[in-house]
Amino acid sequence: MIAGLAFGFKALGIPVHLGVLITGFNFGITLTVISFIPGDLGVQEASIAGILAIFGVPFSQGVLGSMLFPGALLFCAFIFSLGFLLESAKRDT
């Protein structure tokens, strides 16, 4: 997951040091787990963007990179699972 976040920032051309990226990711995950917001909507993204801003990454770029991360992660999982779905459909026919 951290590699996916790193690739997202790299694809956008936003330079983020690995230590800052790991710190932001860990705070984002931790605050998502302990938050009281229903459905944890946006907690991870806001936490990652905020921590990256504290460490010197411009806030708008942090928001952009942290919003790209869950979308890309879900899209990759969807594409990966399509192979299993198609294989299952072949066997059933």
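See the structure printed just above.
Residues numbered from 1 in each chain as written. Predicted model: local features only at pLDDT ≥ 70, side-chain atom pairs only at ≥ 80, totals over all residues. Heavy atoms only, no water.

Participant: An account of the packing of helix α2 (residues 18–34) against helix α3 (residues 43–54) is needed here, citing residue identities and associated values.
Facilitator: Between α2 and α3, the shortest axis-to-axis distance is 8 Å and the interhelical angle comes to 145°. As α2 runs across α3, the sense of the crossing is right-handed. Each of Val20, Leu21, Thr23, Gly24, Phe25, Phe27, Gly28, Ile29, Leu31 and Thr32 in α2 lies in contact with α3, whose residues at this interface are Val43, Gln44, Ser47, Ile48, Ile51 and Leu52. Grouping the constituent residues of the contact of α2 with α3 by class yields 10 nonpolar, six polar and no charged. (Axes fitted to C-alpha atoms, helices over the stretch in contact; angles between N-to-C directions. Helix = DSSP H or I, 4+ residues; strand = E, 2+ residues; numbered from the N terminus. Left-handed = near helix turned anticlockwise from the far one by under 90°. Contact = heavy atoms within 4.5 Å. Nonpolar A, V, L, I, M, F, W, Y, C, P; charged D, E, K, R; others polar.)

Participant: Would you mind going over α2 in detail, with residue names and values included?
Facilitator: Spanning 17 residues, α2 covers 24 Å between terminal C-alpha atoms, matching the ideal 24 Å at 1.5 Å per step. For α2, the full list of buried residues reads Val20, Leu21, Gly24, Phe25, Gly28 and Thr32. One face of α2 carries all of its buried residues, which in axial projection span an arc of 130°. Exposed residues on α2 whose side chains face more than 90 degrees from its buried face are Val33 and Ile34. (Expected span 1.5 Å × (residues − 1). Buried < 20%, exposed > 50% of the residue type's maximum accessible area, 1.4 Å probe, protein only. Arc of directions from axis to C-beta.)

Participant: Residue-level account of a nonpolar patch on the surface, with values.
Facilitator: Together, Phe27, Leu31, Val33 and Ile34 line one region of the surface with nonpolar side chains, adding up to about 390 Å² of accessible area. When its relative accessible area of 51% is taken as the criterion, isoleucine 34 is described as exposed. (Patch = residues over 30% accessible without salt bridge, like charges linked within 9 Å, V, L, I, M, F, W, Y side chains within 5 Å. Areas by Shrake-Rupley, 256 points an atom, 1.4 Å probe, with all protein chains shown as cover. Salt bridge = Lys/Arg side-chain N within 4 Å of Asp/Glu carboxyl O.)

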